[in-house]
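# Analysis of the macromolecular model
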Amino acid sequence: MPVVLVAAVALVDSDGRILLAQRPDGKAMAGLWEFPGGKIEPGETPEAALIRELHEELGIDVSAACLAPLTFASHTYETFHLLMPLYVCRKWTGFVQPREHKALKWVPSSELADYPMPAADLPLIPFLRDYI
Ligand SMILES: Nc1nc2c([nH]c(=O)n2[C@@H]2O[C@H](COP(=O)(O)OP(=O)(O)OP(=O)(O)O)[C@@H](O)[C@H]2O)c(=O)[nH]1
Ligand SMILES: [Mg+2]
């Protein structure tokens, strides 16, 4: 079973809300709410992957210095094992826009559990509630 490396981020706005992004129709886990990010390419650092993905997915620019490691997810799906570091970021330039997702939503940490998320993400929620 392959181990798939994915970098993800909790973007936090000035009100302490976290950005969730809804996976588009036609992709695996369509309709579920996830943290922005994506697969780390061979030879790429997790930070570089996130900087690239945040630009592609949301149209924002982030610097590696503003990506703080928080925790990680390690979860076995049917066909692969996901290893996903989760960063926190409070500083970026540009305006968040849904370039690849179905919808975006700023969610108070106390309400994260109301959004259906991929199974790997569920253990991350208490970390965010405690951190924010
Ligand atoms: N970005 C992200 N991916 C997650 C999360 N939770 C989770 O299980 N995943 C899984 O990790 C993998 C990331 O894939 P992705 O589709 O976002 O990858 P990507 O942005 O590079 O897209 P692409 O492969 O279509 O180019 C998917 O299998 C996805 O379901 C999450 O919170 N954020
Ligand atoms: Mg992605």
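Everything quoted here is computed from the prediction, not taken from an experiment.

### Quick word on the coordination of the magnesium ion (ligand 2)
Within the protein, the atoms that donate to the magnesium ion (ligand 2) are Gly37 (O) and Glu57 (OE), at distances of 2.2 to 2.3 Å. Here the residue Gly37 occupies a position in strand S4 (residues 37-39), and Glu57 occupies one in helix H1 (residues 46-58), the gap between them amounting to 20 residues. For Gly37, a relative accessible area of 9% puts it in the buried group. Classification of Glu57 as buried rests on a relative accessible area of 5%.

### Focus: H1
Here H1 spans 17 Å end to end across 13 residues, near enough to the 18 Å set by a 1.5 Å rise per residue. What H1 keeps buried is the set Ala49, Leu50, Glu53, Leu54, Glu57 and Leu58. The buried residues of H1 occupy one face: seen down the axis, they fall within an arc of 130°. Elements in contact with the buried residues of H1: strand S1 (3-11), strand S2 (17-22), S4, strand S6 (81-89) and strand S7 (103-108). Gly59 lies just past H1 and shows a positive phi near 75°.

### Here's the deal with the site of ligand 1
Neighbouring ligand 1 are 18 residues; Met29, Phe35, Lys39, Tyr77 and Asp121 lie closest to it. One nitrogen or oxygen atom from the main chain of Gly37 is found 3.3 Å from a nitrogen atom belonging to ligand 1. About the coverage of ligand 1: the protein hides 83% of its 630 Å² of free accessible area. Put simply, ligand 1 lies in the largest pocket.

### So, the packing of aromatic side chains
Scanning the entire structure with this criterion turns up three aromatic pairs. Arranged with centres 5.2 Å apart and planes meeting at 45°, the rings of Tyr77 and Phe80 form a pair that is tilted.

### Some points on the side chain of His101
Within the secondary structure, His101 is located in the loop between S6 and S7. In this structure the side chain of His101 is engaged in a polar contact, spanning 2.8 Å, whose partner is the side chain of Glu34. With sequence-adjacent residues up to four places away left out, His101 is seen in contact with Ala21, Gln22, Arg23, Pro24, Glu34 and Glu57.

### Regarding the sheet that holds strand S3 (residues 33-34)
To summarise the sheet geometry, strands pair through backbone hydrogen bonds and adopt either a parallel or an antiparallel arrangement. Here we have three strands laid out as an open sheet, ordered S3-S2-S7, and antiparallel in their pairing. Lying at the two open borders of the sheet, with one neighbouring strand each, are S3 and S7. Both S2 and S7 contribute to a ladder of six bridges, which runs antiparallel. Bridge pairing links Leu19 to Trp106 in S7.

### Here we look at the UniProt feature "domain: Nudix hydrolase" (unreviewed entry) in the protein
According to UniProt, the "domain: Nudix hydrolase" (unreviewed entry) feature falls on residues 2-130. Secondary structure content for residues 2-130 is 15% helix and 34% strand, while the C-alpha to C-alpha distance between its ends is 32 Å.

### Examining unusual backbone geometry
In this model, Met29 sits at a positive phi of 60°, which is unusual for a non-glycine residue. Within the element layout of this structure, Met29 appears in the loop between S2 and S3. Look at Met29 and you get partly exposed, because its relative accessible area is 30%.

Calculation criteria
Residues numbered from 1 in each chain as written. Chains lettered and ligands numbered in written order. Predicted model: local features only at pLDDT ≥ 70, side-chain atom pairs only at ≥ 80, totals over all residues. Heavy atoms only, no water. Donors = N, O, S within 2.8 Å, 3.2 Å for Na, K, Ca; no water. Helix = DSSP H or I, 4+ residues; strand = E, 2+ residues; numbered from the N terminus. Buried < 20%, exposed > 50% of the residue type's maximum accessible area, 1.4 Å probe, protein only. Expected span 1.5 Å × (residues − 1). Arc of directions from axis to C-beta. Contact = heavy atoms within 4.5 Å. Near = heavy atom within 4 Å. Polar contact = N/O pair within 3.5 Å; in protein donor to acceptor, adjacent residues only side chain to side chain. Areas by Shrake-Rupley, 256 points an atom, 1.4 Å probe, with all protein chains shown as cover. 1 Å grid on protein atoms, 1.4 Å probe; cavity = no way out; pocket = protein on both sides within 12 Å on 5 of 7 lines; lining within 4 Å. Sits in = over half its atoms within 2 Å of the grid points. Phe/Tyr/Trp six-rings, centres within 6.5 Å; stacked < 30°, edge-to-face > 60°. Pairing = 2+ DSSP bridges. UniProt positions renumbered as here; feature names shortened; annotations may be inferred.

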